[in-house]
Amino acid sequence: MTLKPLVAYKVPFAMPDKLLYIETFGCQMNVNDSERIVTMLADLGYAPTGDPAFADMILLNTCSVRGGAEEKVYKRLANLRIYKRDGKSQIIGVGGCVAQQEGEELLKKFPYLDLVFGTHNLHLLPDMVRGAERGERRSETSFIDNDQRLDLFPSIKGQTRLSRFVTVMQGCDNYCSYCIVPFVRGREISRRSADILDEVRQLADEGVREVVLLGQNVNSYGLKSDNEPTFAELLRMVAEISGIERIRFTTSHPRDMSDELIACFSDIPKLCGQIHLPAQSGSDDVLKLMKRGYSRSSYLERVQKLKESRRDIAITGDIIVGFPGESDDDFEQTLSLLEEVRYIDLFSFIYSSRPGTKAAEFHEELTRAQKITRLDRLMELQKRITREICQTYLGSIQKVMVEGVGKRPAQVSGKADNGRIVNFSGDSGLIGSFVDVRITQAYQNSFLGEQI
Ligand code: 5AD
Ligand code: SF4
């Protein structure tokens, strides 16, 4: 994903005399980090551009969660050579999870690369860039102690939008057997609630109407700290902030989905009726091998409670197919989980062995073709479920937060409470407002409607 040059970009500090092109791969955490990078580098006179050919600096913010994501980064890095112009020293840098994993090695492999910065080193970037402007090459990938990290959440400025991410925690201590995140993002840390609330208040003052609270595992927020609230308590505090009309959060671990948090869906009207709750598999045997810490039945029990708390809650999930040891029967159980949960949308992945993880030691029996067949079946089933759920919205009235113009002329676009994109005919003057829209068409990824 490329961070588009921001239309509402205001130069917060200095007049930009240089251009920064930043390409973001992977999860929302990276998108959020890229926004921070843009803010930090504005101080050094860099303004964002959408065209790498005109950029004075090109940064890739990378993901290594699956082998495919990592390969994409390497391909892109190889392509970047063409932008290193003679006579004009364009700076090229890599950050994020691949940078964290490979460190110095990247500087050796790519002689035209100037900067490598890990997931805990964003704060060093301005200094590294100043060095690179003088021709220095540098890699920084040390993990930072939790006490120091608490002060290293540089704020995001000058990027006015209606909806913004707010990081509440980072890292992960769960060590699911397939997952590289704990290795590349480090130990779990909850940000101070006072800092989070200050940031949300400031965003509300700037005109932000929706916040998405962000973390690898938001519902374990505060659990390891004596003097911080639980995530449910934090949600209630955020909901008190006037100006903020909608709250969402992602990602949740099913094991930490407490009754207290589920209750928030019935008593916080600002909390949107949407939750991402990755199951990963519907089979107890596979869940055990994955070290997920919950069973199929306890997952389904959480889902049932969520549905009782907010009748029309839209649930999305993640599933991994072809995990080592996943039998035909295990896979059938995953299919039946989909039927029971009835996700509105599903992100499904073929298992990818990641270096250093526990599952990388497991024996893989399935062929690539068998894994693809399973993925196809899963996606086919999900397509039907998504279609069936979306059809139930036909004729309903959804409150849409209008965020921009639509793809068609004279159309605007926004999100319903359940997170679905809704396009409808309307003037761009509606952007920023909440509009009641009747749904007239339900597509796989969006709704079409008319203002009432
Ligand atoms: N292989 C395949 N999918 C993975 N995910 C995480 N690690 C792997 C892996 N090694 C998926 C999980 C997670 C999502 C972000 O990526 O489903 O929830
Ligand atoms: Fe990875 Fe598991 Fe942590 Fe999620 S909870 S980031 S899947 S280790």
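For clarity, every value in this text was computed on a predicted model and none was experimentally measured. In this convention, every chain numbers its residues from 1, walking through the sequence in written order. Here chains are named by letter from A upward and ligands by number from 1 upward, in the order in which they appear as written. In keeping with the model being predicted, local features are shown solely for residues with a pLDDT of at least 70 and side-chain atom pairs are shown and tallied solely at 80 or more, while totals for entire chains, interfaces and linings include all residues. The side-chain figures draw on all heavy atoms in the structure; neither hydrogens nor water molecules are used.

*Asks:* Residue-level account of the overall build of the chain, with values.
*Replies:* Within the chain, the regular secondary structure consists of 14 helices and 19 strands. Computed over C-alpha atoms, the radius of gyration of the chain comes to 22 Å, within 12% of the 22 Å expected from 2.2 N^0.38 for 452 residues, which places it in the range of a compact globule. Taking the principal axes of its C-alpha atoms as reference, the chain extends roughly 60 × 60 × 50 Å. Throughout this description, buried means an accessible area under 20% of the type-specific maximum (1.4 Å probe, protein chains only), exposed means over 50%, and partly exposed covers the range between. Counting over 452 residues, the chain shows a buried share of 56%. Here, residues are in contact when the closest pair of their heavy atoms is within 4.5 Å. In the chain, the share of contacts with a sequence separation of at least 24, taken over all contacts with a separation of at least 6, comes to 72%. Throughout, the Shrake-Rupley method with a 1.4 Å probe supplies accessible areas, and for residues the shown protein chains are the sole cover considered. Accessible area for the chain stands at about 19600 Å²; split by element, carbon and sulfur atoms hold 51% of it. Working definition: helices are DSSP H or I runs of at least four residues, strands are E runs of at least two. Numbering for both runs from the N terminus. As defined in this context, the radius of gyration uses C-alpha atoms, and a globule is described by 2.2 Å times the residue total to the power 0.38.

*Asks:* Account for the environment of Arg246, naming residues and giving values.
*Replies:* Position of Arg246 among the secondary structure elements: in strand S11 (residues 246–250). The spatial distance from the C-alpha of Arg246 to the C-alpha of Leu277 is 19 Å, given a sequence separation of 31 residues. Not counting residues up to four positions away in its chain, the partners in contact with Arg246 are Arg209, Glu210, Val211, Lys270, Cys272, Lys399, Val400, Met401, Lys415, Ala416, Asp417 and Phe434. Of the polar contacts made by the side chain of Arg246, one reaches the backbone oxygen of Lys415; its length is 2.9 Å. Contacts described as polar in this section are N or O atom pairs within 3.5 Å, which, within protein, must combine one atom able to donate a hydrogen with one able to accept it, while residues neighboring in sequence count only if both atoms come from side chains.

*Asks:* Give me the lowdown on the site of ligand 1, citing residues and values where you can.
*Replies:* Taken together, Val65, Arg66, Tyr178, Gln280, Asp318, Ile320, Phe349, Ile350, Tyr351, Ser352 and Arg354 make up the full set of residues near ligand 1. In the environment of ligand 1, an oxygen atom lies 2.6 Å from a nitrogen or oxygen atom belonging to the side chain of Gln280. A distance of 2.7 Å separates a nitrogen atom of ligand 1 from a polar backbone atom of Ser352. When ligand 1 sits alone it has 400 Å² of accessible area, and the protein chains cover 85% of it. Contributing elements (two or more residues each) for the shell around ligand 1: strand S13 (314–321) and strand S14 (345–350). Amino acids outside the nonpolar list (Ala, Val, Leu, Ile, Met, Phe, Trp, Tyr, Cys, Pro) and the charged list (Asp, Glu, Lys, Arg) are all regarded as polar, and Gly is one of them. Tallied by class, the residues present in the shell around ligand 1 amount to six nonpolar, two polar and three charged. Being near a molecule or strand, for a residue, comes down to having at least one heavy atom within 4 Å of it.

*Asks:* Before we move on, can you summarise the packing of helix H13 (residues 328–341) against helix H14 (residues 368–391) with the specific residues and values?
*Replies:* Where H13 contacts H14, the two axes come as close as 10 Å, and the packing angle between them is 15 degrees. Considering the angle they form, H13 stands roughly parallel to H14. Here the hand of the crossing between H13 and H14 comes out right-handed. Mapping the contact onto sequence places Asp328, Phe331, Glu332, Thr334, Leu335, Leu338 and Glu339 in H13 and Arg374, Arg377, Leu378, Leu381, Gln382, Arg384 and Ile385 in H14. Axis lines are fitted to C-alpha atoms, over the contacting stretch for helices. Their N-to-C directions set the angle, which ranges from 0 to 180 degrees. Roughly parallel here means an angle under 35 degrees, roughly antiparallel means over 145, roughly perpendicular means 65 to 115, and every remaining angle is called oblique. The hand of a helix crossing depends on one turn: near helix anticlockwise from the far one by less than a right angle means left-handed, and clockwise means right-handed.

*Asks:* Break down the site of ligand 2 for me, with residues and values.
*Replies:* Lining the immediate environment of ligand 2, one finds Cys172, Asn174, Tyr175, Cys176, Tyr178, Cys179, Val181, Pro182, Gln216, His253 and Arg292. Along the lines of polarity and charge, the residues of the shell around ligand 2 split into seven nonpolar, three polar and one charged.

*Asks:* A description of the sheet that holds strand S10 (residues 210–214) should follow, citing residues and the corresponding values.
*Replies:* One open sheet accounts for three strands, arranged S7-S10-S11; its pairing is parallel. The open sheet has two free edges, formed respectively by strand S7 (163–167) and S11, since each of these has just one partner strand. For this sheet the average axis-to-axis angle between neighbouring strands, irrespective of direction, equals 25 degrees. As paired strands, S7 and S10 are joined by five bridges and run parallel to one another. Paired with Arg164 across the strands is Val211, a residue of S10. Strands S7 and S10 of the sheet are contacted by helix H8 (residues 193–206), whose axis makes an angle of about 165 degrees with S7. Contacts from helix H9 (residues 231–239) reach S10 and S11 within the one sheet, and its direction differs from that of S11 by about 155 degrees. Strands pair, by our definition, only if DSSP identifies at least two bridges between them.

*Asks:* Which residues make up the environment of Tyr443, and what values go with them?
*Replies:* For Tyr443, the position within the fold is in the loop between strand S18 (434–442) and strand S19 (446–451). On the accessibility criterion, Tyr443 (38% relative accessible area) is partly exposed. In sequence terms Tyr443 and Val422 are 21 residues apart; their C-alpha atoms lie 10.0 Å from each other. Apart from residues no more than four positions distant in its own chain, Tyr443 is found in contact with Cys390, Arg420 and Leu448.

*Asks:* An account of the pattern of salt bridges is requested, with residue identities and associated values reported.
*Replies:* Between side chains of opposite charge, pairing is possible as soon as their charged atoms come close. Salt bridges are defined as contacts in which a side-chain nitrogen from Lys or Arg sits within 4 Å of a carboxyl oxygen from Asp or Glu. Evaluation of the coordinates by the stated rule reveals 39 salt bridges. Here Lys224 makes a salt bridge to Asp173, at a shortest N to O gap of 2.8 Å. Linking Lys224 in the loop between S10 and H9 with Asp173 in the loop between strand S8 (169–170) and helix H7 (181–185), this pair joins segments that are 51 residues apart in sequence. Ionic contacts of the salt-bridge type, sharing partners, join the residues Asp127, Arg130, Arg138 and Glu140 into one network.

*Asks:* Break down the nonpolar core for me, citing the residues and quoting the values.
*Replies:* Judged by nonpolar contacts, the single largest core of 72 residues is most densely connected at Val211, Leu213, Phe231, Leu235 and Phe249. Dropping the residues within four chain positions of it, Val211 is found in contact with Arg164, Val166, Val200, Leu203, Val238, Ile244, Arg246, Ile247 and Arg248. One finds Ile58, Leu80, Tyr83 and Leu106 within the second-largest nonpolar core, a separate group that totals 22 residues. The set of buried Ala, Val, Leu, Ile, Met, Phe, Trp, Tyr and Cys residues whose side-chain atoms join them within 4.5 Å is what this entry labels a nonpolar core.

*Asks:* Residue-level account of the pairing of S10, with values.
*Replies:* A large share of S10 lies buried, amounting to five of its five residues. In S10, alternate side chains face the same way, and those of Glu210, Val212 and Leu214 on one face and Val211 and Leu213 on the other are all buried. Here five bridges tie S10 to S11, and the two strands are oriented parallel to one another. Among the inter-strand pairings, Val212 is bridged to a residue of S11, identified as Arg248. Whether a crossover is right-handed comes down to one check: with the strands pointing away from the viewer, does the path from the first strand over the helix to the second run clockwise; if it does, it is right-handed. You can see the chain leave S10, run along H9 and come back into S11, and the turn it takes is right-handed.

*Asks:* For the packing of aromatic side chains, give the residues involved together with the corresponding values.
*Replies:* Aromatic rings from Phe, Tyr and Trp, with only the six-membered ring used for Trp, were paired whenever their centres fell within 6.5 Å, and each pair was classed as stacked if the ring planes differed by under 30 degrees, edge-to-face if by over 60, and tilted otherwise. Per the stated rule, a full pass over the model turns up 10 aromatic pairs. Consider the rings of Tyr178 and Phe323, whose centres lie 6.4 Å apart with planes at 85 degrees: the pair is edge-to-face. With a gap of 145 residues between them, Tyr178 in the loop between S8 and H7 and Phe323 in the loop between S13 and H13 connect regions that are remote in the sequence. Across the pair, Phe323 and Tyr178 agree in class, each one buried.

Bear in mind that shape data such as this cannot, by itself, settle questions of function.
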